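Take a look at the letters that make up each chain.
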Amino acid sequence: MTPRTSSTATLRRRILAFTFSFCALSFTTYAQDNILTGTNTGADRIRIAVADFSALSTDGFKQTFDTVLQNDLVNAGIFDIVSKSLLPQQSPATPQQMQLQQWSSAPVNAAMVAFGSYGVQGGHGVVNGWLFDAKNSQYPQVLAKQYTDEPTENGARQMAHKFADEIILRLGGGIPGIAETKIYYIKQTGSSKEVWAMDYDGANQHAITHLGTISLSPRISPDNSRIAFSSLDRYGFQIKLYSLLLNRVVSFPSNSGTNLSPAWSANGAQLAYSSSRSGDPEIWVSDANGGGARRVTSFRGPDVSPVWNPKTNSQIAWISGRTGLPQLYIMDADGAGVQRLTDGGYATSPSWSPNGQFIAFAWNRKYGPGAPGGQDIYVMEVSSKKWIQITHDAGRCDFPSWSPDGRHLVYASTASGHSEIWTVLADGTGRQKLSSSGGNDMPNWSWK
């Protein structure tokens, strides 16, 4: 049996150390004691005040900008955000108007202050933003940025995302923020299931495909140019590619059998997927255009849901039923070095963390007739096989996908009565529902 109870707190600290530390963690620094013991768990988050920006004009979407910037920094999960009710009444529009003592002393007690101005000038939305170190009266400026975009609500959102990501990059140990990332997912409308997309915070939900059939498991390429997915056509379920540059499906060879759950390698040069062309569903790997396909598993029982280790690009995690109920496995990309990670229950839908240390997956640990519990999201440390439970929801939780900063997970849950897209910080806190119309499933977070 895999170790569990006595090690839960230790593993949670390890995940927190990666999730919240202000040090940029690399694969080679994993063995350092301070990371293993979890001394950088985010207990001392940077306290930041986010001022409402001053209006340069009477038109525009300043309130949208203010709200999105605040939410982006809250959602980052690495800051202690000062309540707006504690901020000084007058917000500075320029560095010359900044009075640091008002922001560094009680009741604000901020370590950092984000401030600036928003308006419409020359037919463009314009943002001037600054980040100041409130404790450094001599050299306070940490960041100064100007952005322009369309004078629309979406333009205001995009400028807020850009400024938030700059702040997160600067204060978060050099790890880029996720405010400009996208989430791709499946939405059911009537009898059809199409690929949809949304901003990371649930805004701008819109359809990508209009195929009028059943599509499953969208996976965005590392360069954000193509979506691989499985779709039902006259030959059965086939792997499809949709070009976001051409706004149409592009060529990918059809194969016999059922072809499901494509996954991009980290360099975008290969696709792994499940295919039953040889009888049992097995894991196959091809080049990005479908050529040179080769089978990498060969065992009685279904092999499905492959996902690459994005750190090494040389390992694949997947789900196999070779011993009965589906379990989580890893192997080398050529099929060698097979290891089983789960010790029972019913496992599905693995997702490998950006640093290669953890695998998120869905798991019903007590699966069986009359068994209590349900299917939740878990995170396992690959090296130790220790795990923690992330969600504790009623209903089904499935299809976790890591954010590119490794601090968040997106997943599908029926906790609200129907399938919706949710996000959660990688330690299980900060849960948010992104969709609300039902029939939303199989999310995948963009690489950047």
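Everything here concerns the structure above.
Novice: Explain the packing of aromatic side chains to me, using residue names and the numbers behind them.
Specialist: If you walk through the whole model with that rule in mind, you get 14 aromatic pairs. Between W318 and Y329, the aromatic rings sit 5.4 Å apart at their centres with planes inclined by 35°, giving tilted as the arrangement. Note that W318 is positioned in strand 19 (residues 315-320) and Y329 in strand 20 (residues 327-332), a separation of 11 residues in sequence. The residues W318 and Y329 share a single accessibility class, namely buried. Note on Y378 and W387: the rings are 5.5 Å apart at their centroids and 80° apart in plane angle, and the pair reads as edge-to-face. Its relative accessible area of 3% is what places Y378 among the buried residues. What makes W387 buried here is its relative accessible area of 4%. An aromatic cluster is built from F53, F65, Y118, Y147 and F163, whose rings are joined through pairwise contacts. Across from the ring centre of W196, 5.4 Å away, lies the NZ or CZ of K187, which sits over that ring. For R322, the ring lying beneath its charged end belongs to Y329, and the centroid distance is 5.5 Å.

Novice: Tell me what's going on with the side chain of R322, and back it up with residues and numbers.
Specialist: Along the chain, R322 turns up in the loop between strand 19 and strand 20. By relative accessible area, which is 18% here, R322 ends up buried. In terms of polar contacts, R322 uses its side chain to reach the side chain of D303, at 3.0 Å. Among the polar contacts listed, one links the side chain of R322 to the side chain of S320, at a separation of 2.8 Å. Not counting the four nearest positions on each side in its chain, R322 is found in contact with T297, F299, R300, G301, D303, Y329 and V338.

Novice: I'd like a rundown of the pairing of strand 14 (residues 259-264), residues and numbers included.
Specialist: Within strand 14, five of the six residues are buried, which leaves it mostly tucked inside the rest of the structure. As defined by bridge partners, strand 14 adjoins strand 15 (residues 270-275) across four bridges and the pair is classed as antiparallel. The residue bridging L260 from the neighbouring strand is S274, located in strand 15. A loop of five residues connects strand 14 with strand 15, the two strands running antiparallel in sequence, and G268 in this loop sits at a positive phi of about 75°.

Novice: Any details on the sheet that holds strand 22 (residues 346-352)? Residues and values, ideally.
Specialist: By definition, the strands of a sheet pair up through backbone hydrogen bonds, in either a parallel or an antiparallel sense. Across the sheet, which stays open at both edges, the four strands sit in the order 22-23-24-25 with antiparallel pairing between neighbours. The sheet is open, and its two edges are formed by strand 22 and strand 25 (387-389), each paired on a single side. Sheet twist, expressed as the average angle between the axes of neighbouring strands with direction ignored, equals 25°. Looking at chain direction, strand 24 (residues 376-381) and strand 25 are connected through three bridges and run antiparallel. Directly across from M380, in strand 25, lies its bridge partner W387.

Cut-offs and rules
Residues numbered from 1 in each chain as written. Predicted model: local features only at pLDDT ≥ 70, side-chain atom pairs only at ≥ 80, totals over all residues. Heavy atoms only, no water. Phe/Tyr/Trp six-rings, centres within 6.5 Å; stacked < 30°, edge-to-face > 60°. Helix = DSSP H or I, 4+ residues; strand = E, 2+ residues; numbered from the N terminus. Buried < 20%, exposed > 50% of the residue type's maximum accessible area, 1.4 Å probe, protein only. Lys NZ or Arg CZ within 6 Å of the ring centre and 35° of its normal. Polar contact = N/O pair within 3.5 Å; in protein donor to acceptor, adjacent residues only side chain to side chain. Contact = heavy atoms within 4.5 Å. Pairing = 2+ DSSP bridges. Axes fitted to C-alpha atoms, helices over the stretch in contact; angles between N-to-C directions.

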